[in-house]
Amino acid sequence: MTNLNIKPTTLGKAKPVIIACIKLHQAVILHGKPGIGKTQMIEEIADEFNEELGGVSFRDKEPEFNLISLRLSQFPPEDLAGLPVPVEKKLKNGDIKYITYRSLPDFLPRDKKSKGILFLDEINQANSSVLHAVFELILDRRITACNYSLPKGWSIVAACNDYEDNPEITEFSRPLNNRFLHLNIVQDVKEWLIWAKKNSIHPNIIKFVDDNRGVFNDINPKNVCFCSPRTLAQVSNFEFMFDKGDINCADISLVVHGLLGKEIGENYLSSTAMARSGVLKDLDIKKYLRGDLEYDLTTIDVESVGLKVLEKAFFIALLSLPDNSKKGNFESALPKYFESLHTFGSTDETITAQINEMFNDGMTLSEFKDSFTEAYGKLIELYPTLAV
């Protein structure tokens, strides 16, 4: 396996270097985990070049600065090297001779006055035949078989995912590696939060990442779904749909699990339940558990909100009761707390599991009910800020 002996950097810090490479027509390759924003960064840079040249976006019909993205993992070699085409040629003596030419791929830029980025995405997932086909294009900016040369105003940028995220990659030859300037991109949460606010990512997403700074670090390559800047941006789109009433809580639950995975998905849903559920926003749970507020819990749609979300919301409220009050406030609220969870359909087993999750050394439901003082003491050990 190739040794990536490159100092890691973030997208924000790498951006000026990428721009400099484009201006100098120095081929550059971005290494990094999937979904961290490598492709999006190149798109942003293309738009910035467009603005400098008086255009708007590379997506315009006739942009001032172009971006052609080729996902090389999906290309057969003949698409890049050109298909062989027999051409009839008449000789001076009248004989007919057939010569084979290679047809020029129509996705490569042809206008010699044009400018842009030729973005070779997932380059290390291309098979060796495809790499051989693009080898000459990267090294010499031409494809001899097609009599093609990359216009002078174009630059080559490539991107690839880390080896650990896809062990079936194609190793680069030393000459090809030596042609690129290599950048090892890692995710920076602070940098992403700035980007998220600037790009109007949903507030639920921003708060979740801000409260869970290690959310990008847990990427198991065996997991189908995992949390990344890309999947969080996709969840954000659905959150805005929820705000408009186009989808409900049950829909959001499926979306989040299908994009972030089970573990992080459940954490996200629990963390954002209060912000998402109009029922829970209207209900002051702390006042309810203290007996200061009358409320009919049977009006809550448990299926839509989610039983685990409700259990956690009420447990958090219970834990916060001793704050700025006396221990007796916590003890008097316990019976109403258990009564509330049973109203939702929680069983003693699920409540016990929840209690054991909160207490490191475990505690049974009967112990929790019968020994308020001990329970409170353990809470203070785990959460000193709750002490009066």
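These lines cover the structure that appears in this document, whether it is placed above or below. Bear in mind that the values here come from a model prediction, so they are computed numbers and not experimental data.

## Digging into the overall build of the protein
Part 1 of the reasoning: When helices and strands are counted, the protein shows 18 helices and ten strands.
Part 2 of the reasoning: For the protein, with 388 residues in total, the buried portion stands at 44%.
Part 3 of the reasoning: Considering only contacts in the protein between residues 6 or more positions apart, those separated by 24 or more positions represent 67%.
Part 4 of the reasoning: Element-wise, carbon and sulfur atoms account for 51% of the exposed surface of the protein, whose accessible area totals about 21,100 Å².

## Considering the sheet that holds strand β2 (residues 28-32)
Sheets are built from strands that pair by backbone hydrogen bonding, the pairs being arranged parallel or antiparallel.
Part 1 of the reasoning: Strands sit in the order β1-β10-β2-β9-β6-β3 across an open sheet of six strands; the sheet is parallel. With one partner strand each, in any of the chains shown, β1 (8-9) and β3 (66-71) form the two edges of the open sheet.
Part 2 of the reasoning: With five bridges joining them, β2 and strand β9 (residues 153-161) adopt parallel strand pairing. The residue of β9 that forms the bridge with Val28 is Val157.
Part 3 of the reasoning: Contacting β2, β3, β6 (115-121) and β9, helix α2 (residues 38-52) runs over the sheet at an angle of about 175° to β6.

## A closer look at the nonpolar core
Part 1 of the reasoning: Counting 29 residues, the largest nonpolar core has Leu72, Leu118, Leu120 and Ile123 as the members making the most contacts within it.
Part 2 of the reasoning: Those elements that provide at least two residues to this core are β3, β6, α4 (128-140) and β9.
Part 3 of the reasoning: The element contributing the most residues to this core is α4, with six residues.
Part 4 of the reasoning: The residues touching Leu72, leaving out its near neighbours within four places in the chain, are Leu80, Leu120, Asp121, Glu122, Ile123, Ala126 and Val130.
Part 5 of the reasoning: Counting 27 residues, the second largest nonpolar core, distinct from the first, contains Phe216, Cys227, Ile247 and Leu269.

## As for the packing of aromatic side chains
Part 1 of the reasoning: Per the stated rule, a full pass over the model turns up seven aromatic pairs.
Part 2 of the reasoning: Look at Trp192 and Trp195: their rings are 6.2 Å apart centre to centre, the planes differ by 40°, and that puts the pair in the tilted class. Of this pair, Trp192 and Trp195 are both found in helix α6 (residues 189-198), three residues apart, which corresponds to roughly one turn of the helix. Neither residue differs from the other here; Trp192 and Trp195 are each classed as buried.
Part 3 of the reasoning: A centroid spacing of 5.1 Å and a plane angle of 85° characterise the contact between Phe208 and Tyr268, whose relative ring orientation is edge-to-face. Remark: Tyr268 occurs in helix α10 (residues 262-276) and Phe208 occurs in helix α7 (residues 203-211); sequence separation between them is 60 residues.
Part 4 of the reasoning: Grouped by ring-pair contacts, the aromatic residues Trp192, Trp195 and Phe216 constitute a single cluster.
Part 5 of the reasoning: Lying over the aromatic face of Tyr288, Lys336 brings its terminal NZ or CZ to 4.3 Å of the ring centre.

## Examining helix α8 (residues 229-243)
Part 1 of the reasoning: Over its 15 residues, α8 runs 21 Å from end to end, which matches the ideal 21 Å to within 8%, given 1.5 Å per residue.
Part 2 of the reasoning: Every buried residue of α8 is listed here: Pro229, Thr231, Leu232, Ala233, Val235, Ser236, Glu239 and Phe242.
Part 3 of the reasoning: The positive-phi residue at the C-terminal boundary of α8 is Gly245, with phi of around 85°.

## What about unusual backbone geometry?
Part 1 of the reasoning: In this structure, Glu122 is a non-glycine residue whose phi angle is positive, near 55°.
Part 2 of the reasoning: Given the relative accessible area of 18%, Glu122 is considered buried.
Part 3 of the reasoning: The backbone phi angle of Arg141 is positive, close to 60°, even though this residue is not glycine.
Part 4 of the reasoning: One can find Arg141 in the loop between α4 and β7 (142-143).
Part 5 of the reasoning: Judged by relative accessible area, Arg141 falls into the buried class, the value being 18%.

## A short note on the environment of Asn267
Part 1 of the reasoning: Mapped onto the secondary structure, Asn267 falls in helix α10.
Part 2 of the reasoning: For Asn267, a relative accessible area of 29% gives the class partly exposed.
Part 3 of the reasoning: The residues touching Asn267, leaving out its near neighbours within four places in the chain, are Phe208 and Asn212.

## Let's talk about the packing of α8 against helix α9 (residues 249-260)
Part 1 of the reasoning: Packing of α8 against α9 brings their axes to within 10 Å, and their N-to-C directions diverge by 175°. Here α9 runs roughly antiparallel to α8, going by the angle between their axes. Here Thr231, Leu232, Gln234, Val235, Phe238, Glu239 and Phe242 of α8 come into contact with α9, specifically with Cys249, Ile252, Val255, Val256, Leu259 and Leu260.
Part 2 of the reasoning: Here the residues of the contact of α8 with α9 are counted per class, giving ten nonpolar, two polar and one charged.

## So, the pairing of β2
Part 1 of the reasoning: For β2, a buried count of five out of five residues is recorded, marking the element as mostly surrounded by other parts of the structure.
Part 2 of the reasoning: Of the two faces of β2, both are covered, the one formed by Val28, Leu30 and Gly32 as well as the one formed by Ile29 and His31.
Part 3 of the reasoning: Examined bridge by bridge, β2 and strand β10 (residues 181-185) share four bridges and lie parallel to one another. The residue bridging His31 from the neighbouring strand is Asn184, located in β10.

## Side note on α6
Part 1 of the reasoning: Val189, Trp192, Leu193, Trp195 and Ala196 are the residues of α6 that are buried. Seen along its axis, α6 keeps its buried residues to an arc of 165°; they face one direction. For α6, exposure combined with an orientation more than 90 degrees from the buried face picks out Lys190, Ile194, Lys197 and Lys198.
Part 2 of the reasoning: Of the surrounding secondary structure, the elements contacted by the buried residues of α6 are α2, α7 and α8.
Part 3 of the reasoning: Residue Asp188 occupies the N-cap position of α6, its side-chain oxygen lying 3.4 Å from the main-chain nitrogen of Lys190.

## A closer look at the side chain of Thr9
Part 1 of the reasoning: Position of Thr9 among the secondary structure elements: in strand β1.
Part 2 of the reasoning: Residue classification places Thr9 among the buried positions, given a relative accessible area of 18%.

Conventions adopted
Residues numbered from 1 in each chain as written. Predicted model: local features only at pLDDT ≥ 70, side-chain atom pairs only at ≥ 80, totals over all residues. Heavy atoms only, no water. Helix = DSSP H or I, 4+ residues; strand = E, 2+ residues; numbered from the N terminus. Buried < 20%, exposed > 50% of the residue type's maximum accessible area, 1.4 Å probe, protein only. Contact = heavy atoms within 4.5 Å. Areas by Shrake-Rupley, 256 points an atom, 1.4 Å probe, with all protein chains shown as cover. Pairing = 2+ DSSP bridges. Axes fitted to C-alpha atoms, helices over the stretch in contact; angles between N-to-C directions. Core = buried A, V, L, I, M, F, W, Y, C linked by side-chain atoms within 4.5 Å. Phe/Tyr/Trp six-rings, centres within 6.5 Å; stacked < 30°, edge-to-face > 60°. Lys NZ or Arg CZ within 6 Å of the ring centre and 35° of its normal. Expected span 1.5 Å × (residues − 1). Parallel < 35°, antiparallel > 145°, perpendicular 65-115°, else oblique. Nonpolar A, V, L, I, M, F, W, Y, C, P; charged D, E, K, R; others polar. Arc of directions from axis to C-beta. Polar contact = N/O pair within 3.5 Å; in protein donor to acceptor, adjacent residues only side chain to side chain.

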